[in-house]
Amino acid sequence: MTEYTQSFRRYMQFTLYLLAIFVMGWGITSYKALFLGLILGTIFSIYNLFNMFRKIDRLGEATVKGTKARSLGLLTRQAVAGLSVLIALRYPEYFNLLGVVIGLMTTYIIILIDSTSKIRFK
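Residues numbered from 1 in each chain as written. Predicted model: local features only at pLDDT ≥ 70, side-chain atom pairs only at ≥ 80, totals over all residues. Heavy atoms only, no water.

Visitor: If you had to explain the overall build of the protein to someone new, which residues and values would you point to?
Guide: Within the protein, the regular secondary structure consists of five helices and zero strands. Sorting the 122 residues of the protein into buried and exposed places 32% on the buried side. In the protein, 69% of the contacts between residues at least 6 apart in sequence involve partners at least 24 apart. Separation between the mean location of the 14 positive side-chain charges and that of the 5 negative ones in the protein comes to 3 Å. (Helix = DSSP H or I, 4+ residues; strand = E, 2+ residues; numbered from the N terminus. Buried < 20%, exposed > 50% of the residue type's maximum accessible area, 1.4 Å probe, protein only. Contact = heavy atoms within 4.5 Å. Lys, Arg positive; Asp, Glu negative; His and termini not counted. Charge placed at Lys NZ, Arg CZ, Asp CG, Glu CD.)

Visitor: Quick one: what's the story with the packing of helix 2 (residues 32–65) against helix 5 (residues 106–116), residue by residue and with numbers?
Guide: The N-to-C vectors of helix 2 and helix 5 enclose an angle of 60°; their axes lie 8 Å apart at closest approach. As judged from the angle between their axes, helix 2 and helix 5 are oblique. The segment helix 2 lies against helix 5, with Thr42, Ser45, Ile46, Asn48, Leu49 and Met52 engaging Thr106, Thr107, Tyr108 and Ile111. Residue composition of the contact of helix 2 with helix 5, by class: five nonpolar, five polar and no charged. (Axes fitted to C-alpha atoms, helices over the stretch in contact; angles between N-to-C directions. Parallel < 35°, antiparallel > 145°, perpendicular 65-115°, else oblique. Nonpolar A, V, L, I, M, F, W, Y, C, P; charged D, E, K, R; others polar.)

Visitor: So what's going on with the pattern of salt bridges? Which residues, and what values?
Guide: Using the criterion set out here, one finds one salt bridge in the structure. In this structure, the salt-bridge partner of Asp114 is Arg10, at a minimum N-O distance of 3.1 Å. Remark: Arg10 occurs in helix 1 (residues 3–28) and Asp114 occurs in helix 5; sequence separation between them is 104 residues. With a relative accessible area of 3%, Asp114 lands in the buried category. (Salt bridge = Lys/Arg side-chain N within 4 Å of Asp/Glu carboxyl O.)

Visitor: Break down the confidence of the model for the protein for me, citing the residues and quoting the values.
Guide: Residue-level pLDDT values for the protein average 90, and 95% of them are 70 or greater. Per-element mean pLDDT across the protein ranges from 90 in helix 5 up to 96 in helix 4 (residues 97–104). (pLDDT = per-residue confidence, 0-100.)

Visitor: Describe helix 5, naming the residues involved and giving the relevant values.
Guide: Considered for burial, the residues of helix 5 that qualify are Thr106, Thr107, Ile110 and Asp114. The buried side chains of helix 5 occupy one side of the element, clustering within an arc of 90° when seen end-on. Among the exposed residues of helix 5, those oriented more than 90 degrees off its buried face are Leu112 and Thr116. Its buried side turned inward, helix 5 meets helix 1, helix 2 and helix 4. (Arc of directions from axis to C-beta.)

Visitor: So, a nonpolar patch on the surface: which residues are in play, and what are the values?
Guide: On the surface, a nonpolar cluster with roughly 680 Å² of combined accessible area is contributed by Leu89, Leu97, Leu98, Val101, Ile102, Met105, Ile109 and Ile113. The greatest single-element share of the nonpolar patch, amounting to four residues, is contributed by helix 4. By the secondary structure assignment, Leu98 is in helix 4. (Patch = residues over 30% accessible without salt bridge, like charges linked within 9 Å, V, L, I, M, F, W, Y side chains within 5 Å. Areas by Shrake-Rupley, 256 points an atom, 1.4 Å probe, with all protein chains shown as cover.)

Visitor: If you had to explain the side chain of Thr107 to someone new, which residues and values would you point to?
Guide: One can find Thr107 in helix 5. The exposure class of Thr107 is buried, given its relative accessible area of 1%. With sequence-adjacent residues up to four places away left out, Thr107 is seen in contact with Thr15, Ser45, Ile46 and Leu49.

Visitor: A description of the nonpolar core should follow, citing residues and the corresponding values.
Guide: Judged by nonpolar contacts, the single largest core of 13 residues is most densely connected at Phe8, Met12, Phe22 and Leu49. The set of elements that each furnish at least two residues to this core consists of helix 1 and helix 2. With seven residues, helix 2 is the largest single contributor of residues to this core. If you look at the next biggest cluster of nonpolar residues, it comprises seven residues, including Phe44, Ala88, Phe95 and Val100. (Core = buried A, V, L, I, M, F, W, Y, C linked by side-chain atoms within 4.5 Å.)

If you want it as structure tokens, here you go:
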């Protein structure tokens, strides 16, 4: 397993842990809209992480073969983020917009913390 695949699995693991904490927060606390927003944003963030991993994997394969690679899917990730914000704006009684935005940044925050930390979590 490559280091990149290990990093992806680690990011997914921590994101799923946070998602479980958000689900428990939704079930236990009275801040239902905030935690539903966090859950919605995190689900879309997981999709973006998976999509980015897949695109970078294809880019690596194309580089090894010497062929031309397609884009990394910036427009797709932005469209997914826009869709999640649109859902939050359409149903404000269920989803907190700030929670959705923070949830969308979840995987990026995990990647930033993991890349800056000297200790590797296993």
